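Here is what each chain is made of, one letter per residue.
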Amino acid sequence: QLACPLDLGCHSVTHYIFGKMLGGMRAGGITNERDADEEVQQVIEQVRPSYVGRTGHTPAAWRATRVATQVVAGLNYFVKVHVGENKYVHLRIYRNLRGDVSLSAVDTDKTADEPLTYFQ
């Protein structure tokens, strides 16, 4: 869980995260993809066991490279993850308003050049 740099508590952390990641974008739309940062890497680390359980694949690498987000009743992350060699997967990860994350969907057999889009 991310600490609020303003030390204002959980509700303000949620607003801080949304403001930082989305720059005031309204609910429903997906942001343009951008380079993933350490915050996104921390999010994918939390869902790695779910990925392995769902796919039966233990990746040789696990590095977030690109991310797009969508405001819902919480936040959806769409993350391009390098899983070894020239292989990538796309993950849809949901973070609720309390900050809990869960793996919502996996799209396998992706390349480094494929754009992040909404998927089920």
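Residue positions are counted from 1 within each chain, in the order its sequence is given. The predicted nature of this model means local features are confined to residues of pLDDT at least 70 and side-chain atom pairs, given and counted, to a pLDDT of 80 or more, with totals for whole chains, interfaces and linings taken over all residues. As a rule here, side-chain values come from all non-hydrogen atoms in the structure, and water together with hydrogens is ignored.

**A look at the sheet that holds strand E4 (residues 87–95)**
Alright, step 1. An order of E1-E2-E3-E4-E5 is seen for the five strands of this open sheet, with the pairing classed as antiparallel. Of all strands in the sheet, those bounded by a partner on one side alone are strand E1 (34–35) and strand E5 (101–110).
Alright, step 2. Pairing between E4 and E5: seven bridges, direction antiparallel. Bridged to Tyr 88 within E5 is Lys 110.
Alright, step 3. In this analysis, two residues are considered to be in contact whenever any of their non-hydrogen atoms come within 4.5 Å of each other. All axes are obtained by fitting lines to C-alpha atoms, using only the stretch in contact for helices, and the reported angles, taken between N-to-C directions, cover 0 to 180 degrees. Strands are runs of DSSP state E lasting at least 2 residues, helices are runs of H or I lasting at least 4, and numbering of each runs from the N terminus. Where helix H2 (residues 38–55) meets the sheet, its contacts fall on strand E2 (63–72), strand E3 (74–84), E4 and E5, and the angle it forms with E5 comes to roughly 75 degrees. Strands qualify as paired when DSSP identifies two bridges or more between them.

**Notes on the confidence of the model for the protein**
Alright, step 1. The quantity called pLDDT is the predictor's confidence in a given residue, expressed from 0 to 100. Confidence in the prediction of the protein, expressed as mean pLDDT, is 85, and 77% of residues score 70 or more.
Alright, step 2. Confidence over residues 1–13 falls short of pLDDT 50; this stretch has eight contacts with residues more than four positions distant or in other chains.
Alright, step 3. Note on residues 22–26: pLDDT is under 50 here. Beyond four places in sequence and across chains, it has 10 contacts.

**What about the environment of Asp 37?**
Alright, step 1. One can find Asp 37 in the loop between E1 and H2.
Alright, step 2. Under the relative-accessibility criterion, Asp 37 is labelled partly exposed at 36%.
Alright, step 3. The spatial distance from the C-alpha of Asp 37 to the C-alpha of Val 67 is 8.7 Å, given a sequence separation of 30 residues.
Alright, step 4. Under the rule applied, a polar contact is a pair of N or O atoms within 3.5 Å (in protein, one hydrogen donor and one hydrogen acceptor; residues adjacent in sequence only if both atoms are side-chain atoms). Within polar-contact distance, the side chain of Asp 37 engages the backbone nitrogen of Glu 39 at 3.2 Å. Only protein chains enter the accessibility calculation, which uses a 1.4 Å probe; a residue is then buried when its area is under 20% of its type maximum, exposed when over 50%, and partly exposed in between.

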